[in-house]
Amino acid sequence: MSFEGRDILTTEDLSREDILKIMKVASKMEEIVQQVHISDLLSDKMVAVIFLEPSTRTRLSFETAVHRLGAKFVTIADPKSSSTQKGESLADTARTVAGYVDCIVIRQPQKGGAKIVADAVNIPVINGGDGAGQHPTQALLDLYTIQKEKGTLEGLKVAMVGDLKFGRTVHSLSYALAPFNPEYVYCSPEELKMPEGILKDMGARGIKYTETGDIREALQADILYMTRIQRERFENPADYERLKNSFILTKKLVEAGKENITIMHPLPRVNEIATDVDSLPNAAYFRQAHNGVYVRMALLAMVLGRA
Ligand code: CP
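Residues numbered from 1 in each chain as written. Predicted model: local features only at pLDDT ≥ 70, side-chain atom pairs only at ≥ 80, totals over all residues. Heavy atoms only, no water.

### Section: the packing of helix α5 (residues 136-150) against helix α11 (residues 285-303)
Step number 1: Contact geometry of α5 with α11 gives a least axis separation of 8 Å together with a crossing angle of 115°. Crossing hand, α5 versus α11: right-handed. Between α5 and α11, the contacting residues are T137, Q138, L140, L141, D142, Y144, T145, K148 and E149 on the first element and R287, Q288, N291, G292, Y294, V295, R296 and L299 on the second.
Step number 2: Looking at the contact of α5 with α11, its residues break down into six nonpolar, six polar and five charged. (Axes fitted to C-alpha atoms, helices over the stretch in contact; angles between N-to-C directions. Helix = DSSP H or I, 4+ residues; strand = E, 2+ residues; numbered from the N terminus. Left-handed = near helix turned anticlockwise from the far one by under 90°. Contact = heavy atoms within 4.5 Å. Nonpolar A, V, L, I, M, F, W, Y, C, P; charged D, E, K, R; others polar.)

### Some points on helix α4 (residues 113-120)
Step number 1: Among all positions of α4, only G113, A114, V117 and A118 are buried. Projection of α4 onto a plane perpendicular to its axis shows the buried side chains occupying an angular sector of 140°, all on one side.
Step number 2: The secondary structure elements touched by the buried residues of α4 are α3 (90-98), β3 (103-108) and β4 (125-130). (Buried < 20%, exposed > 50% of the residue type's maximum accessible area, 1.4 Å probe, protein only. Arc of directions from axis to C-beta.)

### A few points about the pairing of strand β2 (residues 72-76)
Step number 1: Here five bridges tie strand β1 (residues 46-51) to β2, and the two strands are oriented parallel to one another. Counterpart to I50 in the pairing with β2 is I76.
Step number 2: Once the chain exits β1 it traverses helix α2 (residues 57-68) before rejoining the sheet at β2, and the crossover so formed is right-handed. (Pairing = 2+ DSSP bridges. Right-handed = clockwise from strand over helix to strand, strands pointing away.)

### Description of the site of the ligand
Step number 1: Residues in close proximity to the ligand include S55, T56, R57, T58, R107, H135, Q138, P266 and L267, which together make up its full environment.
Step number 2: At 2.8 Å, a backbone N or O of T56 approaches an oxygen atom of the ligand.
Step number 3: Between the ligand and Q138 there is a distance of 3.0 Å, counted from a nitrogen atom to a side-chain nitrogen or oxygen.
Step number 4: Relative to its unbound accessible area of 260 Å², the ligand is 91% covered by the protein chains.
Step number 5: A breakdown of the residues in the shell around the ligand according to their chemical character gives two nonpolar, five polar and two charged.
Step number 6: Residues from two domains meet in the shell around the ligand; each of domain 1 (11-134 + 291-303) and domain 2 (136-288) gives at least three. (Near = heavy atom within 4 Å. Polar contact = N/O pair within 3.5 Å; in protein donor to acceptor, adjacent residues only side chain to side chain. Areas by Shrake-Rupley, 256 points an atom, 1.4 Å probe, with all protein chains shown as cover. Domains from an automatic or database assignment.)

### Comments concerning the environment of V49
Step number 1: With respect to the helices and strands, the residue V49 is situated in strand β1.
Step number 2: Taking relative accessible area as the criterion, V49 reaches 0% and is therefore assigned buried.
Step number 3: Sequence separation between V49 and C103 is 54 residues, and the spatial gap between their C-alpha atoms is 8.7 Å.
Step number 4: Each residue touching V49, except ones within four places of it in the same chain, is listed here: R59, E63, F73, V74, T75, I76 and V105.

### Here's the deal with the pattern of salt bridges
Step number 1: A complete count under the given rule lists 19 salt bridges for this structure.
Step number 2: The salt bridge involving R16 is made with E154; its shortest N-O contact spans 3.1 Å. Separated by 138 residues along the polypeptide, R16 in helix α1 (residues 16-36) and E154 in the loop between α5 and β5 (157-161) bring together distant segments of the chain.
Step number 3: By relative accessible area, which is 30% here, R16 ends up partly exposed.
Step number 4: In the salt-bridge network here, residues are joined through shared partners; they are E53, R168 and R233. (Salt bridge = Lys/Arg side-chain N within 4 Å of Asp/Glu carboxyl O.)

### Observations concerning the domain arrangement of the protein
Step number 1: Under the domain assignment used here, the protein contains domain 1 (11-134 + 291-303) and domain 2 (136-288).
Step number 2: Relative placement of domain 1 and domain 2: their C-alpha centres are 24 Å apart.
Step number 3: The interface of domain 1 with domain 2 comprises 31 residues on the first partner and 29 residues on the second.
Step number 4: Contact between domain 1 and domain 2 buries roughly 2,500 Å² in total, counting both sides, with carbon and sulfur atoms accounting for 56%.
Step number 5: For the interface between domain 1 and domain 2, the tally reads four salt bridges. (Buried area = accessible area lost by both parts, 1.4 Å probe.)

### Describing the packing of aromatic side chains
Step number 1: Scanning all chains against the criterion turns up five aromatic pairs.
Step number 2: Seen from their ring centres, Y186 and Y209 are 5.8 Å apart, and the 50° between their planes marks the pair as tilted. Pair noted here: Y186 is in strand β6 (residues 183-187) and Y209 is in strand β7 (residues 208-212), with a separation of 23 residues, a long-range link.
Step number 3: A relative accessible area of 1% places Y186 in the buried class.
Step number 4: Centroid distance F234 to Y240: 5.8 Å. Interplanar angle 65°. Geometry classified as edge-to-face. For the pair formed by F234 and Y240, the shared burial category is buried.
Step number 5: By way of ring pairs, the aromatic residues F166, F234 and Y240 are connected into one cluster. (Phe/Tyr/Trp six-rings, centres within 6.5 Å; stacked < 30°, edge-to-face > 60°.)

Put into structure tokens, the structure is as follows:
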């Protein structure tokens with residue numbers, strides 16, 4: 001049950017108890033931020049924040065989390081500035097950095113790349129997004145947001161809309177919420193459906209799900225989780241151009257949907273949520289982004305043995 005020294009690479013192997021513990025610690029972190037703003041819980045710790053793909057929320061909320069815990073960090077925020085550009089392998093980069101710090105947070109474009117890093121080092125590794133694979137810390141902050149917005153994680157109907165093939169957040173979310181008896185509506189264009197392996201895993205876990213291409217079905221859920229069509233994952237730019245506007249959520253559509261439906265999005269959005277949705281009380285996506293700091297504080301404190 002202890003998280004000390006543990007890697008956070010995927011949500012597939014997190015139990016219900018693990019997730020509830022993370023939610024509890026995140027809530028404690030939120031209290032700490034409100035009370036003292038900066039704590040000294042990790043004042044003797046160093047964290048490497050390595051981002052070899054673009055990011056605003058994940059990198060900055062991890063860096064904020066490090067500051068708020070009183071720790072220090074070193075960072076690679078631009079892949080062009082690291083020796084990976086000279087051909088250094090991910091494993092060698094990891095082995096080198098592990099000699100400097102107590103924990104590594106990494107985002108990079110290769111599915112499974114975070115595991116390569118974790119296998120190369122003896123310090124905890126947190127996956128900040130591995131290509132079209134997983135984004136576990138996003139899913140955990142999504143759950144924290146759901147708990148705050150809905151008062152429970154239990155028995156919710158959750159619709160995931162957009163690029164379910166390449167969108168790593170919906171892969172992680174499907175597994176993370178699975179221990180809480182959800183029902184899923186997977187809404188996507190035919191070419192961007194949820195990968196077969198994840199559907200099989202959901203079936204094996206007894207999760208009820210439906211697939212659709214009609215956003216009006218998704219609007220009957222408790223949570224509408226919108227995602228961006230992932231331009232950077234397409235081999236053929238023409239395919240992206242054809243699919244990029246598959247779903248555009250408007251205020252009118254939300255108002256025709258289930259009463260009190262909560263609208264979430266991992267962000268960044270491009271144009272899949274019209275800005276007239278932002279002023280609705282249902283629009284939780286900026287609150288969701290803010291919750292990332294508390295969840296990432298919790299994960300850092302837990303894997304470093306202080307919570
Ligand atoms: N949600 C998310 O991962 O955002 P960034 O790409 O800005 O980190």
